[in-house]
Amino acid sequence: MTQKPQIKVGQKISAKRLTENDVQTYLGLDDQPSRNIIVGVPAAFAPNCDAHPPGYIDNYEEFQARGISDIFIVAVNDAFVMSAWKKYLAPRGTDIHFIADADGSFVSDLGLMYDDIPLRSMRAKRFVILMDDAEVQYIAVEDDPCDISCTGADALLAYLDGQGEAYARSAGVACALR
């Protein structure tokens, strides 16, 4: 699979079709209206990845109060794994979408794939994208896919409040903000 250069602010999200809940429920992030968030994680059920979505789940209403319509968690896994992971992380349910990029083509189109040598597989980098009508407004990518700093819910809430740089300094966050 050939990876494209990393997506930038002002560019449109790929028209690749992803799956949610099962292999026959298709979803395209390119046709999502309003302001939405995409959170990319390397793998469902991995210890560090299990720590990432709860910040978004717990702060879902805070994001909605700031004008966010939907939040999408994406990983290079199949729809059944993502559905099980959602139930594991939010046993009482959540409105956040856990979507599968089974073949990695969506993440690759974003230019956000990496070769996880210990796992012998291609994975999504840890990232967060704020998009408005499928156009990238903000992107943050962790330098180390095991870290959760600039892609965490607190960091994005600070950015939405106009306090992103102050948050990064006070929290010691160092990663690729684009």
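Residues numbered from 1 in each chain as written. Predicted model: local features only at pLDDT ≥ 70, side-chain atom pairs only at ≥ 80, totals over all residues. Heavy atoms only, no water.

> What exactly am I supposed to notice about the overall build of the protein here?
In terms of helices and strands, the protein carries seven helices and 10 strands. Going through the 178 residues of the protein one by one, you find that 53% of them count as buried. Pairs at least 24 apart in sequence give 69% of the contacts found in the protein among residues at least 6 apart. Summed over all atoms, the accessible surface of the protein reaches about 8,500 Å², with 48% contributed by carbon and sulfur. (Helix = DSSP H or I, 4+ residues; strand = E, 2+ residues; numbered from the N terminus. Buried < 20%, exposed > 50% of the residue type's maximum accessible area, 1.4 Å probe, protein only. Contact = heavy atoms within 4.5 Å. Areas by Shrake-Rupley, 256 points an atom, 1.4 Å probe, with all protein chains shown as cover.)

> How should I be thinking about the environment of D161 in this particular structure?
Looking at the element boundaries, D161 is found in the loop between α6 (153–160) and α7 (164–171). Judged by relative accessible area, D161 falls into the partly exposed class, the value being 42%. Linking D161 and R66, residues 95 residues apart in sequence, is a C-alpha distance of 8.2 Å. Within the local environment of D161, its side chain forms a polar contact with the side chain of R66, the two groups lying 2.7 Å apart. (Polar contact = N/O pair within 3.5 Å; in protein donor to acceptor, adjacent residues only side chain to side chain.)

> Looking at this structure, how should I read the packing of aromatic side chains?
Working definition: an aromatic ring pair is given by the centre-to-centre distance plus the angle between the planes. A complete count under the given rule lists five aromatic pairs for this structure. Between F45 and W85, the ring centres sit 6.5 Å apart and the planes meet at 50 degrees, which makes this aromatic pair tilted. Pair noted here: F45 is in the loop between β3 (35–40) and α1 (47–50) and W85 is in helix α4 (residues 79–89), with a separation of 40 residues, a long-range link. Between Y138 and Y159 the ring centres are 4.0 Å apart and the planes differ by 25 degrees, which places this aromatic pair in the stacked class. With Y138 in strand β9 (residues 135–141) and Y159 in helix α6, this pair connects stretches of sequence that are 21 residues apart. (Phe/Tyr/Trp six-rings, centres within 6.5 Å; stacked < 30°, edge-to-face > 60°.)

> Any chance you could explain the pairing of strand β4 (residues 68–75) here in plain terms?
Successive side chains on a regular strand alternate, one facing one side of the sheet and the next facing the other. Within β4, seven of the eight residues are buried, which leaves it mostly tucked inside the rest of the structure. In the sheet, β3 pairs with β4 via six bridges, with the strands oriented parallel. What sits directly across from G40, in β4, is V74. Across four bridges, β4 lies against strand β5 (residues 97–100) in parallel orientation. Counted as the bridge partner of V74 is I99 from β5. (Pairing = 2+ DSSP bridges.)

> Sorry, what's going on with the environment of Y159 here?
On the basis of relative accessible area, Y159 is assigned to the partly exposed category, the value being 32%. Spatially, the C-alpha atoms of Y159 and Y138 are 9.2 Å apart, while their sequence positions differ by 21 residues.

> Even after reading the chapter, I still don't get the UniProt feature "active site" (unreviewed entry) in the protein, so can you show me in this structure?
Using the residue numbers shown here, the UniProt feature "active site" (unreviewed entry) corresponds to C49. Tracing the backbone through its elements, the reader meets C49 in helix α1. Excluding residues within four positions of it along the chain, C49 makes contact with V41, P42, A43, W85 and R126. (UniProt positions renumbered as here; feature names shortened; annotations may be inferred.)

> Looking at this structure, I do not really get α4. What am I missing?
Note: α-helices contain 3.6 residues per turn, so residues at a spacing of three or four share the same orientation. By the burial criterion, the buried members of α4 are A79, M82, S83, W85, K86 and L89. All buried residues of α4 lie within an arc of 160 degrees about the axis, which places them on one face of the element. Facing away from the buried surface of α4 by more than 90 degrees, the exposed residues are F80, K87 and Y88. Among the structural elements, β1 (17–20), α1, α2 (53–58), β4 and β5 are those in contact with the buried residues of α4. (Arc of directions from axis to C-beta.)

> Help me understand α6, please; the structure alone is not making it clear to me.
With respect to burial, α6 is a largely interior element, six of its eight residues being buried. G162 sits one or two positions beyond α6 and adopts a positive phi of about 80 degrees.

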